[in-house]
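Summary of structural features
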Amino acid sequence: MKPNFKMNPNRVVQFLEKEPSEITKADIIRFVKENEIKMVKFMYPAEDNRLKSLNFVINSEEYLETILTYGERVDGSSLFPSFIEAGNSDLYVIPRFSTAFVDPFSELPTLTFLASFFNKEGNPAQSSPDYALRKACEEFEKTTGMEFYAMGELEYYVISQDPGLFHASDQKGYHESAPFAKFNEFRTECMYMIAECGGQIKYGHNEVGNFTLDNMIYEQNEIEFLPIPAIQAADNLMIAKWIIRTLAVKKGYDVTFAPKITAGKAGSGLHIHFKIMKDGENMMTTDGKLSDIAKKAIAGILENADAITAMGNKVPTSYFRLVPHQEAPTSICWGDRNRSVLIRVPLGWTGEKDMCSQVNPMEKAQKGKTPQKQTVELRSADCSADIYQLLAAMVVAARTGFEMKDALKRADEMYVSVNIHNDENSEKLASLKSLPDSCVASAGCLKEKRKVFEDKGVFSSRLIDGIIDKLMSYDDLNLRKETSADHNKMMKQVRKYWHCG
């Protein structure tokens, strides 16, 4: 079926009637000229896991072509202080035409691109965030002949004045509607803006967390994306965080992606779903059951899950969230439809019954192939993560599952079919390894397994050193224990990392 580009919210795609991956420099110049674009903006991630901006006034067509072709130079040591030395810090930023979108916040018509980093020789900068992910995906495909797709569940809290009407039940806000939910319209406006900027969104809803404190409402929301190639999935999440925060400021709201915001309330995670594709087919199931391909990937990720926290849980308060009985994982295991495990296999539309015709009598029952929706979900990460590093680490770890001789055996050993935290499962719980409980512990796990991530040149040794040094600098080995009995000390840490990532 030919794509209907008129239904695409991205104005660039609408106008050019092309898939983003097919957009050329000539297309961009034509769009600028025919849509009266006044400025160009490059955006790119830095070490603090936020998008940075560089703005250009379009002085002439010649200048436009120059910046599109050659990009601009930036100070890498300011963007990546842990990885790049000041004495050799100049980097180039080069726009990726496939990411083009019209800035929804700019008063002057501005065409924005995500950009990639290159070194002085004109080669991709090996310590930049997107390099590791691109390299990881290339090596995964070389080893397996398949592609790694991913999607994120972006959880966040919106905070504003309590109007005093229709309070939602404390910690029971899951899929709540207005008037008990106060920020549904804000979320839907964010969702459409994200789509206008190229984001591939699945849905949005209220999440469990909600409470009132000091005449303020704290309401947890979630936006979930569609599974797409991993580099695009990372780009989607970066753009989404920028849009949610920017629109919140315009509306007078505070927004936090922090992993934990107070004791006894739901924290916010960044659950990452993945699936493995070959020739357009989802390889995660065989005859309606989870495939050996999926199990090998799961085994590889579980074997390296403790080190993956070094990329996915970057601040001390990340480990306030990873505690029992909070729908957050603590033990390294996996299971079906089980929210106490580290890797969850959710419902995947693998049943044979046609549900649509059962509730819609006018529809004929459909027979044949079921939707290829089966994914697998890693539940440990949060929005302090470097999203590109996190996905790169997952792809590397999944690849090792295909290189392990006993991957299927290890997958069976780490499988659980129950709530692992129930008392009757104490023996099974004791047999499982635990996730790290601090940044320092995560750094130790990464140090032990660094060769896994450095293999095939995916993560540079300097990048791994920088990650370890940064995590060690928090000196939080005993912080979770110290703050468990001291609410004020815990809240001091929470406020410190309120706007992490």
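Quick note: structure is the one above.
**Regarding the overall build of the protein chain**
For the protein chain, the count of helices and strands is 18 helices and 18 strands. Here the protein chain has a C-alpha radius of gyration of 23 Å; the compact-globule value for 501 residues is 23 Å, and the two agree. The principal-axis extents of the C-alpha atoms in the protein chain amount to approximately 70 × 65 × 55 Å. In the protein chain, which comprises 501 residues, the share counted as buried stands at 54%. Of the contacts formed within the protein chain by residues at least 6 apart in sequence, a portion of 73% connects residues at least 24 apart. Roughly 23100 Å² of accessible area belongs to the protein chain as shown, and the carbon and sulfur atoms make up 48% of that amount. Once the 62 positive and 69 negative side-chain charges of the protein chain are each reduced to a mean point, those two points are 1 Å apart.

**Notes on the nonpolar core**
Ranked by size, the top nonpolar core spans 133 residues in total, and within it Leu111, Leu133, Phe186, Met311, Phe453 and Phe459 carry the most contacts. Ranked by residues supplied to this core, first place goes to helix 7 (residues 230–251) with 13 residues. If we ignore the near neighbours within four places in the chain, the residues touching Phe459 are Ala132, Met311, Gln389, Ala392, Ala393, Phe453, Glu454 and Ile464.

**Notes on the pairing of strand 2 (residues 51–57)**
Relative to strand 2, strand 1 (residues 39–45) runs antiparallel, the two sharing seven bridges. When the bridges of strand 2 are listed, Val40 appears paired with Phe56. Hairpin connection, strand 1 to strand 2: the antiparallel pair is bridged by five residues, and Asn49 has positive phi, about 70°.

**Let's talk about a negative patch on the surface**
On the surface, a cluster of negative charge is made up of Glu138, Glu141, Glu147 and Asp279. Note that Glu147 resides in strand 7 (residues 147–161). Relative accessible area serves as the criterion here: at 32%, Glu147 is assigned to the partly exposed category.

**Quick look at the pattern of salt bridges**
Where charged atoms from two side chains of opposite charge approach closely, those side chains can pair. Here the structure, examined in full by the defined rule, presents 24 salt bridges. One salt bridge in this structure joins Arg134 and Asp130, with 3.3 Å as the shortest N-O distance. You can see Arg134 and its partner Asp130 sitting in helix 5 (residues 129–144), four residues apart, about one turn around the helix. Judged by relative accessible area, Arg134 falls into the partly exposed class, the value being 32%.

**Here's the deal with the environment of Phe117**
The residue Phe117 is located in strand 6 (residues 110–118) in this model. For the pair Phe117 and Pro45, spaced 72 residues apart in the sequence, the C-alpha separation amounts to 9.7 Å.

**Focus: the packing of aromatic side chains**
Counted under the stated rule, the structure contains 21 aromatic pairs. Plain terms: the ring middles of Phe183 and Tyr253 are 5.1 Å apart, the flat faces sit at 70° to each other, and that makes the pair edge-to-face. Of the two residues, Phe183 sits in the loop between strand 7 and helix 6 (184–196) while Tyr253 sits in the loop between helix 7 and strand 11 (254–256), which places them 70 residues apart along the sequence. Exposure remark for Tyr253: the relative accessible area of 24% places this residue in the partly exposed category. Members of the aromatic cluster, connected to one another through ring pairs, are Phe42, Phe56, Phe97 and Phe113. Here the basic side chain of Arg495 rests over the ring of Trp498, its NZ or CZ set 4.2 Å away from the ring centre.

**Concerning unusual backbone geometry**
Of note, the bond from Ala178 into Pro179 is cis; its omega dihedral lies within 30 degrees of zero at 10°. With respect to the helices and strands, the residue Pro179 is situated in the loop between strand 7 and helix 6. The residue Glu17 is not glycine, and still its phi comes out positive at about 50°. Tracing the backbone shows Glu17 in the loop between helix 1 (11–16) and helix 2 (25–34). On the accessibility criterion, Glu17 (44% relative accessible area) is partly exposed. For Asn49, which is not glycine, the phi dihedral falls at a positive 70°. With respect to the helices and strands, the residue Asn49 is situated in the loop between strand 1 and strand 2. Using a relative accessible area of 7% as the deciding quantity, one classes Asn49 as buried.

**Here's the deal with helix 16 (residues 461–472)**
Here helix 16 contains 12 residues, and its C-alpha end-to-end distance of 16 Å stays within 8% of the 16 Å for a straight helix at 1.5 Å per residue. Of all the residues in helix 16, the buried ones are Leu463, Ile464, Gly466, Ile467, Ile468 and Leu471.

**Examining helix 6**
Taking 1.5 Å of rise per residue, the 13 residues of helix 6 would be expected to cover 18 Å, and the 19 Å separating its terminal C-alpha atoms lies within 8% of that figure. Taken together, the buried positions of helix 6 are occupied by Asn184, Phe186, Arg187, Cys190, Met191, Met193, Ile194 and Ala195. Residues of helix 6 that are buried in the fold lie against strand 7, strand 8 (201–213), strand 9 (216–225), helix 7 and strand 11. Count one or two residues on from helix 6 and you reach Gly198, which has phi positive near 100°.

**A word on the side chain of Thr262**
For Thr262, the location among the structural elements is in the loop between strand 11 and strand 12 (270–278). Contacts of Thr262, omitting those with residues within four sequence positions, involve Phe211, His487, Met490 and Met491.

**Some words on the side chain of Ser89**
The topology assignment puts Ser89 in the loop between helix 4 (76–79) and strand 4 (90–95). For Ser89, a relative accessible area of 9% translates into the label buried. Side chain to side chain, Ser89 and Asp75 meet in a polar contact 3.1 Å long. Ignoring anything within four residues of it in the chain, the contact list for Ser89 reads Val74, Asp75, Gly76, Ser77 and Ile84.

**Things to note about the packing of helix 15 (residues 439–454) against helix 16**
Helix 16 packs onto helix 15 with a crossing angle of 170° between their chain directions and a minimal axis gap of 8 Å. In terms of their interaxial angle, helix 15 and helix 16 are classed as roughly antiparallel. Contact residues: Cys439, Val440, Ser442, Ala443, Leu446, Lys447, Arg450, Phe453 and Glu454 in helix 15; Ser461, Ile464, Asp465, Ile467, Ile468, Leu471 and Met472 in helix 16. Split by residue class, the contact of helix 15 with helix 16 holds 10 nonpolar, two polar and four charged.

Thresholds, definitions, all that
Residues numbered from 1 in each chain as written. Predicted model: local features only at pLDDT ≥ 70, side-chain atom pairs only at ≥ 80, totals over all residues. Heavy atoms only, no water. Helix = DSSP H or I, 4+ residues; strand = E, 2+ residues; numbered from the N terminus. Rg over C-alpha atoms; globule rule 2.2 N^0.38 Å. Buried < 20%, exposed > 50% of the residue type's maximum accessible area, 1.4 Å probe, protein only. Contact = heavy atoms within 4.5 Å. Areas by Shrake-Rupley, 256 points an atom, 1.4 Å probe, with all protein chains shown as cover. Lys, Arg positive; Asp, Glu negative; His and termini not counted. Charge placed at Lys NZ, Arg CZ, Asp CG, Glu CD. Core = buried A, V, L, I, M, F, W, Y, C linked by side-chain atoms within 4.5 Å. Pairing = 2+ DSSP bridges. Patch = residues over 30% accessible without salt bridge, like charges linked within 9 Å, V, L, I, M, F, W, Y side chains within 5 Å. Salt bridge = Lys/Arg side-chain N within 4 Å of Asp/Glu carboxyl O. Phe/Tyr/Trp six-rings, centres within 6.5 Å; stacked < 30°, edge-to-face > 60°. Lys NZ or Arg CZ within 6 Å of the ring centre and 35° of its normal. Expected span 1.5 Å × (residues − 1). Polar contact = N/O pair within 3.5 Å; in protein donor to acceptor, adjacent residues only side chain to side chain. Axes fitted to C-alpha atoms, helices over the stretch in contact; angles between N-to-C directions. Parallel < 35°, antiparallel > 145°, perpendicular 65-115°, else oblique. Nonpolar A, V, L, I, M, F, W, Y, C, P; charged D, E, K, R; others polar.

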